[in-house]
Amino acid sequence: MNTFRPLCLFLLAAAISCISISCNKHEASSGSGSKVVGFSQEDEESDWRTAESQSIKSEAQNRHIDLRFADAQEDQEKQIKAIRAFIAQRVNAIILAPRVETGWDQVLREAKNAKIPVVLVDRGVSAPEDLYVTLIASDFVEEGHRAADWLAKHTNGKARIVELQGTAGSAPAIDRHKGFADELAKYPDMKILASQDGDFQVSKGKEVMAAFLKSVGKENITAVYAHNDNMALGAIQAIQEAGLTPGKDIMVVSIDGIHAALQAILDGTINCVVECNPLLGPQAFDAIDDTLAGKTIPKRTVQKDELFDKSNLTPELLAKRKY
Ligand code: GZL
C-alpha cells in the first residue's frame, strides 16, 4: 500500500498549522525579524525625563530592538493615540511612561485584547493591575519621606516651607507630597506655608517661587521643597533675584539627582537631593523579554534611589554618574 500519500498530507497540514501560528504572533513590520516595541513617553519637560528616554532608546539599540518612540508633549490624548497606533502596527510590546494616573483603562484593555503586553515605567496608573504587566518605578512616597526627614534633621525640626509640586495628577506629584506631609506630621514646628504646581519645569518653578516670595514674604520662608530638580533650579534663580542666598537664607531640598542639581549641592545652592534614578531601560526590556517568554514577573519593581548632600557628594563621584 502506498504510504507516501498520507505522509505528504500530514506534512502539508503541519506546514499550514505552523504558518497560521506564526501569523497569530505579533510580528510588526520590523523587516529584520527583531522585536518591535512601542514607547509612549509623556514629554521631555525635564532633564530627568530626557535621561529616561535616552536609557530606553540606547538599551533598545543594544538589544537590536526596533523601538517606535512617541513623545506626547504633555498631552495624554496623544499618548492614547500612540498606543492605538502601536496596536495597529501589531508591535510585540509597549512601554508606557504615563503622564497622569487616570484615564488609561480603555486603551490598556485594547492592548490586552490584542495580546500586546504593556510595561509601565517611572509612573503608575489607577487602572486595574491585570491591564499591564508590571510597573518599574521609584517609590515616590519614600522619596517624600526622605526629603522631609533630612530637612527635619538639618533644621532641628523647625522650618517654614513652601512646596513646588510636580504635574497635577501625576503619581510622583501625588506621592511625593503625601510622603513629605506624612513625615512632617511628626514635627509640630515644621509647616508647609504654601504649595503649588510647577509642572516639573525650571520656568514654572521659578515663577511659582517668585510668587511665594511675595505672597508668603521672603522673610517668612526658611525652606523650599521641590518635587524635582528642574523646579529647584528655577527656585534658586527666584531666590537670588529676591536678594537672598539659596542654600543658606532659604534651604533647598529636591528630588531626581540630575547633574546640575548635584553640582548645585557642591556649589552650596541646593542642600539635599533625593535621587530618582531614571535609568530604567535595561529593566524595562528584561520585563518584556520575560513576559514574551511566558514568565510571570512581579507587578511592581522598585528602583533603588540614593540621597545626596554635602556630607557624601564629591566632584569625583559626580563625574562618574551616568546622568
Ligand atoms: C519621576 C518622574 C518625574 C521626575 C521629573 O519618576 O516621573 O517626571 O521626577 C519628571 O523630573 O519630569
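Just above sits the structure.
Since the model is a prediction, treat every value here as computed from it, not as a measurement.

About the cut-offs
- Residues numbered from 1 in each chain as written.
- Predicted model: local features only at pLDDT ≥ 70, side-chain atom pairs only at ≥ 80, totals over all residues.
- Heavy atoms only, no water.
- Helix = DSSP H or I, 4+ residues; strand = E, 2+ residues; numbered from the N terminus.
- Expected span 1.5 Å × (residues − 1).
- Buried < 20%, exposed > 50% of the residue type's maximum accessible area, 1.4 Å probe, protein only.
- Arc of directions from axis to C-beta.
- Contact = heavy atoms within 4.5 Å.
- Pairing = 2+ DSSP bridges.
- Axes fitted to C-alpha atoms, helices over the stretch in contact; angles between N-to-C directions.
- Near = heavy atom within 4 Å.
- Polar contact = N/O pair within 3.5 Å; in protein donor to acceptor, adjacent residues only side chain to side chain.
- Nonpolar A, V, L, I, M, F, W, Y, C, P; charged D, E, K, R; others polar.
- Domains from an automatic or database assignment.

Caption draft 1: Seen up close, helix α10 (residues 281-292). In this model, α10 (12 residues) spans 17 Å end to end at C-alpha, consistent with the 16 Å of a helix rising 1.5 Å per residue. Looking at α10, one finds that the buried residues are G281, A284, F285, A287 and I288. Buried residues in α10, looked at end-on, bunch into an arc of 150 degrees, giving them a common side. Residues of α10 that are buried make contact with β1 (36-41), α2 (47-62), β2 (66-71), β3 (93-97), β4 (118-121) and β5 (134-137).

Caption draft 2: Region of interest: the sheet that holds strand β8 (residues 223-226). Pairing is mixed in the open sheet, where six strands are placed in the order β7-β6-β8-β9-β10-β12. The strands lining the two open edges of the sheet, one partner per strand, are β7 (190-197) and β12 (307-309). Averaged over neighbouring strand pairs, the angle between their axes works out to 20 degrees when direction is ignored. Examined bridge by bridge, strand β6 (residues 159-165) and β8 share four bridges and lie parallel to one another. Looking across to β8, one finds that I161 is bridged to A223. Where helix α7 (residues 202-217) meets the sheet, its contacts fall on β6, β7 and β8, and the angle it forms with β6 comes to roughly 145 degrees. Sheet contacts for helix α8 (residues 229-241): β6, β8, β9 (251-256) and β10 (272-275); angle to β9, the most-contacted strand, approximately 160 degrees.

Caption draft 3: Summary view of the site of the ligand. In the neighbourhood of the ligand, 13 residues make up the surrounding shell, with E45, R49, D122, R123 and D256 lying closest. One of the side-chain nitrogen or oxygen atoms of S46 is found 2.9 Å away from an oxygen atom of the ligand. Side-chain polar atom of R123 to an oxygen atom of the ligand: 2.6 Å apart, as the coordinates give it. Within the shell around the ligand, the residues separate by chemical class into five nonpolar, two polar and six charged. Mapped onto the domain boundaries, the shell around the ligand takes at least three residues apiece from domain 1 (36-137 + 278-292) and domain 2 (140-276 + 309-320).

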